[in-house]
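Spelled out, the chains give:
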Amino acid sequence: MLVKVKSIANRGMQTFGVDVEVNISNRGIPGLEIVGLADKSVAESRDRVKTAFQNSGLQFPNKKITINLAPADLNKEGSFYDLPIAAGLICVLLEVPVPENSLFFGELSFDGSLRHTKGSFLLSLYAKENNCNTVFVPSSCAKEAASIGGLSVYGVKNLSSLIDHLLGKKPIQEYNGSVLNDGENIDREVSEYNYVVGQEQAKRALQICAAGGHNLIMIGPPGSGKTMIAKSINSIIPDLSDEESIEVTKIYSLVGKIPPNFGLLKKRPFRSPHHTISYAGMVGGGNNPVPGEITLAHRGVLFMDEFSEFSRQVIESLRQPLENGKITVSRSRFSVEFPSRFILIASSNPCPCGFYGDPNHQCTCTENKIKNYRAKLSGPILDRIDIHINVLPVEKKLLIKDSSLGLDETLDFIKNKVANTRLIQQKRFKDEKIFTNSEIANSQIDKFCSFGEGAKRLLEQAIDAYCLSARAYFKIIRVARTIADLDEKSDIEINHIAEAVQYRSKFFL
Amino acid sequence: MAGAVNYTDTAYPKMLLQIPSPPKKLYFKGNYSEKIFENSLAVVGSRKMSPYGERALEKIFSTLSPEITIVSGFMHGVDAEAHRKALKFGLNTIAVMPCGVDLVHPGDQKNLYEEIVSKGLVISEYDGYFEPKVWTYPRRNRVVAGLSRAVLVIEAALNSGSLITARMAHSFGREVFVVPGSIFSDLNSGKVQISNEFAKTIDSGSYINKYFNLNCTGNMLKENKMDGNEILNYLKSTPMTIDDLKKQFPEKDISQISAEITLLTMNNLVVEREGIFYAG
């Protein structure tokens, strides 16, 4: 006897439908076999399902059972085929019809209960696009699966409750709770913007960077507060828009970073990989590629502390994402694309010992060492960073007594200002495919950046005075555009240009 | 123009003949003339120049008479910057190499080498592409000191090569000038030592002009309409970061201060090094 249960398979960010075909035959050697390019985690499903059946008070049939995962030429991996296989077996054994237009998804535990399983958000997205109106997922994933909306989501607690539901004895309650989280995002450290003492210039740069989506690099000796400044961007950056929220939740669901009973992510992600990270860890990798840090930072912030300590390969891998907002991971048989549009915040010491230019310490590096150290930073990546600032240590006496210094602009005020600036940009770019000023292409500069009296002339003078390149010219305009937006001015004025010039690239020898 | 002069030739630099063991032969590349050696000032200092050293060079060179020729050793740091600033302010410059005259050493300063060949002079007591050796550096220092009527020490730690050159110049009977520096920096301790013995402390090129009996007319900093700026007045007493300025002027926005600083910098009234602003 044969039944078909629907489920999915993921390759990169793409989801494909999979039919789980369960056949029980009276002839042949008793046992359970899974075919259809299943990897180890799927094959082991056999033992989980068997044991869960026994522990749920069901007799596991002593017959030849064959399970086919179709299409048979697509690699399947993951533990979530447990539920579709179990559901198929139940339907055959108890002779009940398989629910129509329904997708099954979830990992079984030996005791028959369902474990939290990664990827349920991708399941709902697939269901919605393919007119399947019902999904069965582990109960702890129900909120995640329901957060897309418009689906009947059944949170299955254990096999017995599924049996009762299928028999119509005691239906499972459809999930109808809230899909929003009130808590913080997962995995995100926040240091309050207001608690950063002093460092007024850095904080201002952070505002511009949060408002306009510009990349930022901070150069300064150890202990000057670069890390704290970077983390404080979380407290001023606006939440994800609905569209962005779906993109981010999808990524986090795929890698299993959404905790039980969590719905749509609203806060922007903040990733700070350690500098020993491998290439695959950064861009994503594996046989069936999984996203790396740059994709986890999508629509959020990628903070690279000690930027020059990262391997050259890792630094160079940032080129494509910084340019196109996506990364392509190629395998011999296929390639996958992951989204990766993030704000890059990098920090670095000025030299290997860290004290070059520090008024209070002597730098002990040889001049060649400094040169090599900086050579790693220069070039194409630095060209894509709009804002460059020096961060010097805060005087200790300031730390002790004058904690009110940073409070002249309250946090809410700045938050509103940044959010407002984002709104201005949204209006400006409503007919374009971009969201922020940092994405304005050189060819669009004339269209979106109008200059007030004398501003253009000042910019030209600055280009001469500082011997700036053409690229620097466009960078200054983009930053000045954001500064003007923060000021709620439609034209870029002299003081906007003059301020933007302060954030130009100065980091070379 | 490339070639060589023997120490018996009349074109051989006169100053160099006065030292105990002058090079038998000098190879050169560039604009060789007897006049280039007339008012020669050697500039020595650390290979790792501090922002202060660079600014000191800028300030002193901007007030030097254009008759003066800057002699230095073409190393990284103060040497190279001295050559660059000399070219910037239209002074003559001579690079004395520790290697063959055709070899660019250090190799990454090829552009500077070529500019000196076209506008100044490169000399060495070694021919062709002879590689530098440990012992050629002190011998080169002897030529630097010997060629010059005076030596200017920009930065020198105790027991540094710059200090050795300065002492050598003193033993040849040449004048030694030093620029003062912070007592907290190692790069200044050598200067303190020699200024207690024989060197003269200066804060402007006019002392050097006077020593050479030259009048300086050009290169003087011009007055500017932003001279009365309050930020500029503050910077004149102490170098500051933008954050320091914010503390001094709490009523001004950080964006306003940034903007004003840019305008001051563009008018050459302020310079920035590693995030700190100095009145120029």
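Keep in mind it's a predicted model, so treat the numbers as computed, not measured. (Residues numbered from 1 in each chain as written. Chains lettered and ligands numbered in written order. Predicted model: local features only at pLDDT ≥ 70, side-chain atom pairs only at ≥ 80, totals over all residues.)

## So, the overall build of chain B
- Along chain B, the regular secondary structure elements total eleven helices and eleven strands.
- Against the globule reference of 19 Å for 280 residues, chain B gives a C-alpha radius of gyration of 20 Å, in line with a compact fold.
- Every one of the 280 residues in chain B was classed for burial, and the buried ones make up 47%.
- Intrachain contacts of chain B at a sequence separation of at least 6 include 71% that bridge at least 24 residues. (Helix = DSSP H or I, 4+ residues; strand = E, 2+ residues; numbered from the N terminus. Rg over C-alpha atoms; globule rule 2.2 N^0.38 Å. Buried ≥ 20, exposed ≤ 12 C-beta atoms within 10 Å, placed from the backbone. Contact = placed C-beta atoms within 7 Å.)

## Things to note about the overall build of chain A
- Broken down by element type, chain A carries 21 helices and 20 strands.
- Summarising its shape, the C-alpha atoms of chain A cover approximately 90 × 50 × 45 Å along the three principal directions.
- Scored against the burial criterion, the 509 residues of chain A give a buried share of 46%.

## Some details on the interface of chain B and chain A
- Taken together, the contacts link 24 residues of chain B with 21 residues of chain A.
- Sorting the residues of the side of chain B that touches chain A by element identifies helix H10 (242-248) and helix H11 (254-266) of chain B as the ones contributing at least two each.
- Residue contributions to the side of chain B that touches chain A peak at nine residues, all from H11 of chain B.
- Considering only residue class, the side of chain B that touches chain A consists of eight nonpolar, nine polar and seven charged. (Nonpolar A, V, L, I, M, F, W, Y, C, P; charged D, E, K, R; others polar.)

## Examining the domain arrangement of chain B
- When its domains are assigned, chain B resolves into domain 1 (2-211) and domain 2 (225-279).
- Taking the mean C-alpha position of each, domain 1 of chain B and domain 2 of chain B sit 34 Å from one another. (Domains from an automatic or database assignment.)

## Focus on the domain arrangement of chain A
- Split into domains, chain A comes out as domain 1 (2-167), domain 2 (193-428) and domain 3 (440-509).
- A separation of 57 Å is found between the C-alpha centroids of domain 1 of chain A and domain 3 of chain A.

## Re the packing of helix H20 (residues 470-486) of chain A against helix H21 (residues 494-502) of chain A
All names here are of chain A.
- Running from amino to carboxyl end, H20 crosses H21 at an angle of 125°, the nearest separation of the two axes being 8 Å. The orientation of H20 with respect to H21, classified from their angle, is oblique. The two elements H20 and H21 cross, and the hand of that crossing is right-handed. Across the interface between the two elements, Ile-476, Val-479, Ala-480, Ile-483 and Ala-484 from H20 touch His-496, Ile-497, Glu-499, Ala-500 and Val-501 from H21.
- Counted by class, the contact of H20 with H21 contains eight nonpolar, one polar and one charged residues. (Axes fitted to C-alpha atoms, helices over the stretch in contact; angles between N-to-C directions. Parallel < 35°, antiparallel > 145°, perpendicular 65-115°, else oblique. Left-handed = near helix turned anticlockwise from the far one by under 90°.)

## Considerations on the sheet that holds strand S8 (residues 175-178) of chain B
Residue and element names in this part refer to chain B.
- On the basis of which strands lie adjacent, the open sheet formed by nine strands has the order S1-S2-S6-S5-S4-S3-S7-S8-S9 and mixed pairing. With partners counted over all chains shown, the strands left at the sheet margins are strand S1 (2-6) and strand S9 (200-201), one partner each.
- Here strand S3 (residues 40-44) pairs with strand S4 (residues 69-72) via three bridges, running parallel. Paired with Leu-41 across the strands is Ile-70, a residue of S4.
- Docked against the sheet, helix H6 (residues 161-171) engages S3, strand S7 (150-153) and S8, running at close to 155° with respect to S7. (Pairing = 2+ DSSP bridges.)

## Concerning the nonpolar core
- Counting 144 residues, the largest nonpolar core has Leu-83, Ala-86, Phe-105, Leu-123, Val-135, Val-137 and Ile-497 of chain A as the members making the most contacts within it.
- When residues no more than four places from it in sequence are discounted, the contact partners of Leu-83 of chain A are Phe-104, Phe-105, Gly-106, Leu-108, Leu-114, Phe-136 and Val-156 of chain A.
- In this structure, Leu-41, Ala-42, Val-44 and Ala-82 of chain B belong to the second largest nonpolar core, which totals 61 residues. (Core = buried A, V, L, I, M, F, W, Y, C linked by C-beta atoms within 7 Å.)

## Some details on the environment of Ala-86 of chain A
Residue and element names in this part refer to chain A.
- Counting through the fold element by element, Ala-86 comes out in helix H3 (residues 82-94).
- Judged by the 30 C-beta atoms lying within 10 Å of it, Ala-86 falls in the buried class.
- Sequence spacing of Ala-86 and Leu-159 is 73 residues, and the spatial spacing of their C-alpha atoms is 8.1 Å.

## A closer look at the sheet that holds strand S11 (residues 270-271) of chain A
All names here are of chain A.
- On the basis of which strands lie adjacent, the open sheet formed by five strands has the order S11-S14-S17-S10-S18 and parallel pairing. Each edge of the open sheet is held by one strand with a lone partner, namely S11 and strand S18 (387-390).
- Pairing analysis gives four bridges linking strand S14 (residues 301-304) to strand S17 (residues 343-348), with the strands arranged parallel. Its bridge partner being in S17, Leu-302 is matched across the sheet by Leu-344.
- Here helix H7 (residues 200-212) sits on the sheet in contact with strand S10 (216-219), S17 and S18, set at roughly 165° to S18.

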